[in-house]
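Residue-level structure breakdown
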Amino acid sequence: GGTVSHYPRGKIVMTAPVQLPVVGKMQFKETTKEALMEFWQGIVDETDLKIEDRQRVEHIEIDSTVPEGETGFLVRTASNEFHTRAILLAIGRRGTPRKLGVPGEEQSKVVYRLIDPEQYRGQHVLVVGGGDSALEAAVSIAEEDGTTVTISYRSEAFSRAKEKNRQKIAEAEKQGRLRVLMKSNVKQIDTGQVMIKTDDEELCIDNNAVIVCAGGILPTAFLKDIGIQVDTKFGTA
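Model, not experiment: these values are computed from the prediction.

Further remarks concern the side chain of Asp-63. Note on placement: Asp-63 falls in the loop between strand S5 (57–62) and strand S6 (73–77). Nearest to the buried, unbridged Asp-63 among oppositely charged side chains is Arg-76, at 8.1 Å. Beyond its immediate sequence surroundings of up to four residues, Asp-63 is in contact with Gly-72, Phe-73, Leu-74 and His-83.

In this section: the sheet that holds strand S7 (residues 81–84). Judged by pairing direction, the sheet is antiparallel, and its three strands sit side by side in the order S5-S6-S7 without closing on themselves. The strands lining the two open edges of the sheet, one partner per strand, are S5 and S7. Neighbour-to-neighbour, the strand axes of the sheet open up by a mean angle of 20 degrees, direction not taken into account. Of the strand pairs in this sheet, S6 and S7 are connected by four bridges, and their pairing is antiparallel. Counterpart to Val-75 in the pairing with S7 is Phe-82.

This part is about the packing of helix H3 (residues 132–142) against helix H4 (residues 163–174). Between H3 and H4, whose axes approach to 10 Å, the crossing angle comes to 35 degrees. The crossing of H3 and H4 is left-handed. Here Asp-132, Leu-135, Glu-136, Ala-138 and Val-139 of H3 come into contact with H4, specifically with Asn-165, Arg-166, Lys-168 and Ile-169. Its residues assigned to classes, the contact of H3 with H4 shows four nonpolar, one polar and four charged.

This part takes up the sheet that holds strand S12 (residues 185–189). Strand pairing in a sheet relies on backbone hydrogen bonds. The paired strands run either parallel or antiparallel. With respect to topology, three strands assemble into an open sheet ordered S12-S13-S14, the strand pairing being antiparallel. Of all strands in the sheet, those bounded by a partner on one side alone are S12 and strand S14 (202–206). Adjacent strand axes in the sheet meet at a mean angle of 30 degrees when their direction is disregarded. Summarising the sheet, strand S13 (residues 193–197) and S14 pair through five bridges and their orientation is antiparallel. Considered in S14, the bridge of Ile-196 is made with Leu-203.

Parameters at a glance
Residues numbered from 1 in each chain as written. Predicted model: local features only at pLDDT ≥ 70, side-chain atom pairs only at ≥ 80, totals over all residues. Heavy atoms only, no water. Helix = DSSP H or I, 4+ residues; strand = E, 2+ residues; numbered from the N terminus. Buried < 20%, exposed > 50% of the residue type's maximum accessible area, 1.4 Å probe, protein only. Lys, Arg positive; Asp, Glu negative; His and termini not counted. Salt bridge = Lys/Arg side-chain N within 4 Å of Asp/Glu carboxyl O. Contact = heavy atoms within 4.5 Å. Pairing = 2+ DSSP bridges. Axes fitted to C-alpha atoms, helices over the stretch in contact; angles between N-to-C directions. Left-handed = near helix turned anticlockwise from the far one by under 90°. Nonpolar A, V, L, I, M, F, W, Y, C, P; charged D, E, K, R; others polar.

Treat this as a map of the structure, not an account of what it does.
Right, dumping it as structure tokens:
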């Protein structure tokens, strides 16, 4: 639910029927962000689920107050403590987006997710990334009146994205609604322009906004701090 709530307005969400404990069978296959969020909120209300939001977990340790022979944990946040017998980590990477590490990235015009394409109407927008979120952002913004959209990706193909999204990008580029720069990297972000390096040249394009969709960074340090062993493997599984 947390991830879906940050999707752009009107985004189509594809899922599969699933049996939910307490609630029953969830029948959705393809729906919108808003409909799915309304469904989740209904579950929260129906089950009286207690949600402690704005509580960033900073540390987890063994709870020394539990009786001998039993196991418990003490979860510390910035403003609270919770005693629990079990913990489910479902933190993902959305809270730690991968940044470009280039000059000018600290400007307010640089964001790491798309909320509403309409806010970019009439602007020069650069989308960075090659996954589904990047392609969907570029296409939806390009549909707004007066926008000039460029998508920059460091690889030579959108191999990680769904076929449907690759087709939409190709069609939008064919219609002249957006510009695709493959094998390119952002070098610098200025107030009204962005410098992009490709294999052949260095481009300086007009820019009002940058949306970076480059995934997130695993919270490896946090996981190790709470006692979880992290092994990095390379090669074929």
